[in-house]
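# Architecture and fold: a report
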Amino acid sequence: MSEKQIRLKIKRQDNPHSEWRWEEFSIAYRPKINILTGLMEIRKYSITVEGKKTSPIVWESSCLENLCGACSMVINDRARQACSTLFDDLDLSSTITIEPLSKFPVIRDLKVDRSKIFADLKRAKAWVEIDGAFDLGPSPRQDLKTQDIRYKLSGCMSCGLCMEVCPQYSRKNAFLGAATINQVQFINLHPIGKMSKEQRLNVMMGSGGVQDCGNAQNCVRVCPREIPLTESIANINRETTWQGILGWLKR
(Lines give C-alpha, C1' and ligand atoms only; values in the text may rest on other atoms or scores of the structure.)
Protein backbone atom coordinates (compact mmCIF):
# COMPACT_ATOMS: atom_id res chain seq x y z
CA MET A 1 0.00 0.00 0.00
CA SER A 2 1.22 3.46 -0.83
CA GLU A 3 2.42 5.53 2.16
CA LYS A 4 1.18 8.70 0.51
CA GLN A 5 -2.31 9.62 1.66
CA ILE A 6 -5.01 11.85 0.21
CA ARG A 7 -7.09 13.81 2.70
CA LEU A 8 -10.71 14.56 1.76
CA LYS A 9 -13.24 16.78 3.51
CA ILE A 10 -16.78 15.94 2.42
CA LYS A 11 -19.97 17.87 3.09
CA ARG A 12 -22.65 15.47 4.32
CA GLN A 13 -26.40 15.71 4.78
CA ASP A 14 -28.60 12.77 5.76
CA ASN A 15 -31.79 13.98 4.09
CA PRO A 16 -33.25 17.12 2.48
CA HIS A 17 -34.37 18.52 5.84
CA SER A 18 -31.43 17.67 8.11
CA GLU A 19 -28.47 19.86 9.01
CA TRP A 20 -25.27 19.45 7.01
CA ARG A 21 -21.88 18.58 8.48
CA TRP A 22 -18.29 18.06 7.39
CA GLU A 23 -16.54 14.69 7.67
CA GLU A 24 -12.89 14.01 6.83
CA PHE A 25 -11.44 10.86 5.33
CA SER A 26 -8.07 9.59 4.19
CA ILE A 27 -7.31 7.23 1.30
CA ALA A 28 -4.10 5.80 -0.11
CA TYR A 29 -2.75 7.63 -3.14
CA ARG A 30 -2.79 5.88 -6.49
CA PRO A 31 -1.81 7.58 -9.74
CA LYS A 32 -4.43 8.56 -12.30
CA ILE A 33 -7.52 7.84 -10.22
CA ASN A 34 -10.55 10.12 -10.31
CA ILE A 35 -12.74 11.54 -7.57
CA LEU A 36 -15.34 8.78 -7.97
CA THR A 37 -12.69 6.12 -7.37
CA GLY A 38 -11.71 7.95 -4.20
CA LEU A 39 -15.33 8.03 -3.03
CA MET A 40 -15.64 4.30 -3.72
CA GLU A 41 -12.55 3.66 -1.59
CA ILE A 42 -14.10 5.62 1.29
CA ARG A 43 -17.39 3.74 0.92
CA LYS A 44 -15.64 0.38 1.44
CA TYR A 45 -15.03 1.13 5.12
CA SER A 46 -16.74 4.48 5.85
CA ILE A 47 -14.39 5.40 8.70
CA THR A 48 -13.40 9.02 9.31
CA VAL A 49 -9.86 10.17 10.09
CA GLU A 50 -10.88 10.26 13.75
CA GLY A 51 -11.63 6.52 13.56
CA LYS A 52 -15.39 7.02 13.75
CA LYS A 53 -17.63 4.64 11.83
CA THR A 54 -20.08 6.58 9.64
CA SER A 55 -22.72 5.96 7.01
CA PRO A 56 -21.62 5.30 3.39
CA ILE A 57 -21.37 8.43 1.27
CA VAL A 58 -24.15 8.87 -1.27
CA TRP A 59 -23.57 10.37 -4.72
CA GLU A 60 -24.94 9.94 -8.22
CA SER A 61 -23.05 8.59 -11.24
CA SER A 62 -23.72 6.45 -14.27
CA CYS A 63 -21.44 6.45 -17.31
CA LEU A 64 -18.10 7.21 -15.58
CA GLU A 65 -16.85 8.83 -18.79
CA ASN A 66 -18.17 12.40 -18.86
CA LEU A 67 -21.32 11.63 -20.82
CA CYS A 68 -24.26 11.38 -18.43
CA GLY A 69 -23.75 14.52 -16.33
CA ALA A 70 -24.89 12.82 -13.12
CA CYS A 71 -21.71 13.19 -11.04
CA SER A 72 -21.61 16.99 -10.87
CA MET A 73 -20.05 18.26 -7.62
CA VAL A 74 -18.14 21.20 -6.22
CA ILE A 75 -14.54 20.08 -5.81
CA ASN A 76 -12.11 22.52 -4.19
CA ASP A 77 -14.67 25.32 -4.70
CA ARG A 78 -14.97 24.58 -8.41
CA ALA A 79 -17.99 23.00 -10.14
CA ARG A 80 -16.77 19.87 -11.94
CA GLN A 81 -17.62 16.40 -13.10
CA ALA A 82 -16.21 13.95 -10.55
CA CYS A 83 -15.56 11.27 -13.19
CA SER A 84 -13.24 13.49 -15.22
CA THR A 85 -11.47 15.13 -12.27
CA LEU A 86 -8.25 13.32 -11.39
CA PHE A 87 -6.56 13.63 -8.02
CA ASP A 88 -3.30 14.18 -9.89
CA ASP A 89 -4.74 17.44 -11.25
CA LEU A 90 -5.40 18.77 -7.73
CA ASP A 91 -3.13 20.08 -5.00
CA LEU A 92 -2.66 16.96 -2.87
CA SER A 93 -0.57 18.80 -0.29
CA SER A 94 -3.78 20.21 1.20
CA THR A 95 -7.18 18.74 2.06
CA ILE A 96 -9.53 18.30 -0.90
CA THR A 97 -13.06 19.54 -0.27
CA ILE A 98 -16.07 17.96 -1.96
CA GLU A 99 -19.56 19.46 -1.76
CA PRO A 100 -22.90 18.98 -3.52
CA LEU A 101 -24.10 21.53 -6.05
CA SER A 102 -25.58 24.50 -4.20
CA LYS A 103 -28.21 25.54 -6.76
CA PHE A 104 -30.28 22.35 -6.40
CA PRO A 105 -31.96 20.71 -3.38
CA VAL A 106 -29.84 18.09 -1.66
CA ILE A 107 -31.33 14.60 -1.56
CA ARG A 108 -28.51 13.13 0.51
CA ASP A 109 -24.80 13.93 0.79
CA LEU A 110 -23.49 14.70 -2.72
CA LYS A 111 -26.67 13.70 -4.55
CA VAL A 112 -28.94 16.57 -5.58
CA ASP A 113 -32.34 16.89 -7.21
CA ARG A 114 -31.84 18.29 -10.73
CA SER A 115 -35.49 17.91 -11.72
CA LYS A 116 -35.81 21.71 -12.12
CA ILE A 117 -33.61 21.46 -15.22
CA PHE A 118 -35.97 18.96 -16.84
CA ALA A 119 -39.04 20.93 -15.77
CA ASP A 120 -37.53 24.01 -17.44
CA LEU A 121 -36.87 22.04 -20.63
CA LYS A 122 -40.56 21.10 -20.67
CA ARG A 123 -41.52 24.70 -19.99
CA ALA A 124 -39.43 25.84 -22.96
CA LYS A 125 -40.92 23.12 -25.21
CA ALA A 126 -37.38 22.02 -26.03
CA TRP A 127 -38.21 19.10 -28.27
CA VAL A 128 -39.18 18.43 -31.89
CA GLU A 129 -42.89 17.75 -32.24
CA ILE A 130 -43.70 14.89 -34.59
CA ASP A 131 -46.73 12.70 -35.22
CA GLY A 132 -45.58 9.14 -34.84
CA ALA A 133 -48.91 7.60 -35.76
CA PHE A 134 -47.84 6.91 -39.34
CA ASP A 135 -44.76 6.87 -41.54
CA LEU A 136 -43.84 10.45 -42.43
CA GLY A 137 -40.98 9.43 -44.67
CA PRO A 138 -37.44 10.80 -44.38
CA SER A 139 -36.92 13.93 -42.32
CA PRO A 140 -35.96 17.22 -44.00
CA ARG A 141 -32.31 17.55 -44.93
CA GLN A 142 -29.99 19.92 -43.11
CA ASP A 143 -27.12 21.79 -44.69
CA LEU A 144 -23.64 20.88 -43.46
CA LYS A 145 -23.07 24.21 -41.71
CA THR A 146 -26.22 23.79 -39.63
CA GLN A 147 -25.31 20.18 -38.89
CA ASP A 148 -21.94 21.29 -37.54
CA ILE A 149 -23.53 23.95 -35.34
CA ARG A 150 -26.20 21.59 -34.00
CA TYR A 151 -23.64 18.86 -33.35
CA LYS A 152 -21.78 21.17 -30.95
CA LEU A 153 -25.02 22.18 -29.23
CA SER A 154 -26.21 18.58 -28.91
CA GLY A 155 -23.51 17.70 -26.37
CA CYS A 156 -25.47 19.09 -23.40
CA MET A 157 -25.99 16.40 -20.73
CA SER A 158 -27.98 18.54 -18.26
CA CYS A 159 -25.18 18.23 -15.71
CA GLY A 160 -26.13 21.52 -14.04
CA LEU A 161 -22.61 22.95 -13.87
CA CYS A 162 -23.54 26.01 -15.92
CA MET A 163 -26.39 26.69 -13.49
CA GLU A 164 -24.10 26.23 -10.48
CA VAL A 165 -21.72 28.99 -11.60
CA CYS A 166 -24.40 31.36 -12.93
CA PRO A 167 -24.99 34.45 -10.72
CA GLN A 168 -28.54 34.75 -12.07
CA TYR A 169 -29.63 31.13 -11.60
CA SER A 170 -31.29 30.40 -8.26
CA ARG A 171 -33.83 28.12 -6.65
CA LYS A 172 -35.80 31.25 -5.79
CA ASN A 173 -36.22 32.71 -9.28
CA ALA A 174 -37.58 31.57 -12.65
CA PHE A 175 -34.42 32.00 -14.75
CA LEU A 176 -34.14 29.06 -17.16
CA GLY A 177 -30.35 29.02 -17.35
CA ALA A 178 -27.84 28.47 -20.13
CA ALA A 179 -28.54 24.77 -20.68
CA THR A 180 -32.23 25.34 -21.45
CA ILE A 181 -31.53 28.36 -23.64
CA ASN A 182 -28.97 26.31 -25.55
CA GLN A 183 -31.50 23.51 -26.04
CA VAL A 184 -34.01 25.99 -27.46
CA GLN A 185 -31.39 27.14 -29.96
CA PHE A 186 -30.61 23.49 -30.79
CA ILE A 187 -34.26 22.65 -31.50
CA ASN A 188 -35.03 25.90 -33.34
CA LEU A 189 -32.28 25.10 -35.84
CA HIS A 190 -33.91 21.76 -36.66
CA PRO A 191 -35.98 21.85 -39.90
CA ILE A 192 -39.08 20.59 -38.08
CA GLY A 193 -38.31 22.49 -34.90
CA LYS A 194 -38.37 25.76 -36.86
CA MET A 195 -42.10 25.27 -37.45
CA SER A 196 -42.85 25.90 -33.79
CA LYS A 197 -39.90 28.10 -32.83
CA GLU A 198 -42.17 31.07 -32.07
CA GLN A 199 -43.63 29.12 -29.14
CA ARG A 200 -40.18 28.62 -27.65
CA LEU A 201 -39.16 32.20 -28.29
CA ASN A 202 -42.29 33.37 -26.49
CA VAL A 203 -41.14 31.40 -23.45
CA MET A 204 -37.68 32.95 -23.83
CA MET A 205 -39.31 36.41 -23.82
CA GLY A 206 -41.30 35.67 -20.67
CA SER A 207 -40.43 35.48 -16.99
CA GLY A 208 -37.05 33.88 -16.41
CA GLY A 209 -36.20 34.03 -20.10
CA VAL A 210 -33.05 35.06 -21.92
CA GLN A 211 -33.37 38.71 -20.84
CA ASP A 212 -32.50 37.61 -17.29
CA CYS A 213 -29.02 36.51 -18.37
CA GLY A 214 -26.39 38.88 -16.93
CA ASN A 215 -23.74 37.82 -19.49
CA ALA A 216 -21.25 36.73 -16.81
CA GLN A 217 -20.06 34.00 -19.23
CA ASN A 218 -19.20 31.64 -16.36
CA CYS A 219 -21.30 28.97 -18.04
CA VAL A 220 -19.14 28.62 -21.13
CA ARG A 221 -15.97 28.49 -19.03
CA VAL A 222 -17.15 25.59 -16.88
CA CYS A 223 -19.03 23.50 -19.49
CA PRO A 224 -17.40 20.02 -19.54
CA ARG A 225 -18.51 19.48 -23.15
CA GLU A 226 -17.18 22.85 -24.36
CA ILE A 227 -20.55 23.88 -25.78
CA PRO A 228 -20.61 27.48 -27.12
CA LEU A 229 -23.32 28.48 -24.64
CA THR A 230 -22.75 32.23 -24.96
CA GLU A 231 -23.28 31.97 -28.71
CA SER A 232 -26.60 30.21 -28.14
CA ILE A 233 -27.62 32.88 -25.64
CA ALA A 234 -26.66 35.67 -28.07
CA ASN A 235 -28.58 34.03 -30.92
CA ILE A 236 -31.72 33.54 -28.84
CA ASN A 237 -31.41 37.14 -27.64
CA ARG A 238 -31.35 38.31 -31.24
CA GLU A 239 -34.25 36.05 -32.25
CA THR A 240 -36.45 37.25 -29.38
CA THR A 241 -35.68 40.87 -30.25
CA TRP A 242 -36.83 40.35 -33.83
CA GLN A 243 -39.90 38.44 -32.69
CA GLY A 244 -40.77 41.28 -30.32
CA ILE A 245 -40.39 43.87 -33.08
CA LEU A 246 -42.48 41.84 -35.56
CA GLY A 247 -45.13 41.21 -32.93
CA TRP A 248 -45.36 44.95 -32.25
CA LEU A 249 -45.64 45.74 -35.99
CA LYS A 250 -48.47 43.22 -36.39
CA ARG A 251 -50.65 44.96 -33.81
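Residues numbered from 1 in each chain as written. Predicted model: local features only at pLDDT ≥ 70, side-chain atom pairs only at ≥ 80, totals over all residues. Heavy atoms only, no water.

## So, unusual backbone geometry
Rule in force here: A run of H or I in DSSP counts as a helix once it spans at least four residues, and a run of E counts as a strand once it spans at least two, with each numbered from the N terminus. Think of it in three bands: with a 1.4 Å probe and only protein chains considered, a residue is buried below 20% of the maximum accessible area for its type, exposed above 50%, and partly exposed in between.
With a phi angle near 65°, leucine 64 is a residue other than glycine that sits in the positive phi range. Counting through the fold element by element, leucine 64 comes out in the loop between helix 1 (35-45) and strand 3 (72-75). Judged by its relative accessible area of 44%, leucine 64 falls in the partly exposed class. Despite not being glycine, lysine 125 has its phi angle at roughly 55°, a positive value. With respect to the helices, strands and loops of the structure, lysine 125 is situated in the loop between helix 2 (115-123) and helix 3 (144-153). For lysine 125, a relative accessible area of 30% corresponds to the partly exposed category.

## A closer look at the environment of glutamine 243
Formally: Contact definition: two residues touch when any of their heavy atoms are within 4.5 Å. As used in this structure description, the phrase polar contact means that two N or O atoms lie within 3.5 Å; if the pair is within protein, one of them must be able to donate a hydrogen and the other to accept it, and residues adjacent in sequence are counted only when both atoms belong to side chains.
When you line up the elements, glutamine 243 lands in helix 8 (residues 229-249). A residue is classified by how much of its surface remains accessible, and glutamine 243, at 15% relative accessible area, is buried. In the structure, glutamine 243 is positioned 112 residues away from aspartate 131 in sequence and 27 Å away in space, judged by C-alpha atoms. Non-local contacts of glutamine 243, meaning those with residues more than four positions away in its chain, are made with Glu198, Leu201, Asn202 and Met205. Side-chain polar atoms of glutamine 243 contact the side chain of asparagine 202, separated by 2.8 Å.

## What to know about helix 8
Along an α-helix, residues three or four positions apart point the same way, because every turn accommodates 3.6 residues. Put simply, the rule is: Take the number of residues in a helix, subtract one, and multiply by 1.5 Å to get its expected span. The reported arc concerns the directions from the helix axis to the C-beta atoms and nothing else.
Over its 21 residues, helix 8 runs 30 Å from end to end, which matches the ideal 30 Å to within 8%, given 1.5 Å per residue. Among the residues of helix 8, Leu229, Ser232, Ile233, Ile236, Thr240 and Gln243 are the ones counted as buried. Down the axis of helix 8, the buried set is contained in an arc of 95°. They therefore lie on one face. Within helix 8, the exposed residues directed more than 90 degrees away from the buried face are Glu231, Trp242 and Leu249. As for helix 8, its buried residues are in contact with helix 3, helix 4 (161-164), helix 5 (178-188), helix 6 (197-204) and helix 7 (218-222).

## Comments concerning the packing of aromatic side chains
The condition that has to hold: Centres within 6.5 Å are what make two rings of Phe, Tyr or Trp a pair, Trp counting through its six-membered ring; a difference in plane orientation under 30 degrees is then read as stacked, over 60 as edge-to-face, and the rest as tilted.
Throughout the structure, instances matching the rule amount to two aromatic pairs. Between the aromatic rings of tryptophan 20 and tryptophan 22, the centroid separation amounts to 6.1 Å while the plane-to-plane angle is 85°, which identifies the pairing as edge-to-face. Tryptophan 20 sits in the partly exposed class, given a relative accessible area of 45%. What makes tryptophan 22 partly exposed here is its relative accessible area of 32%.

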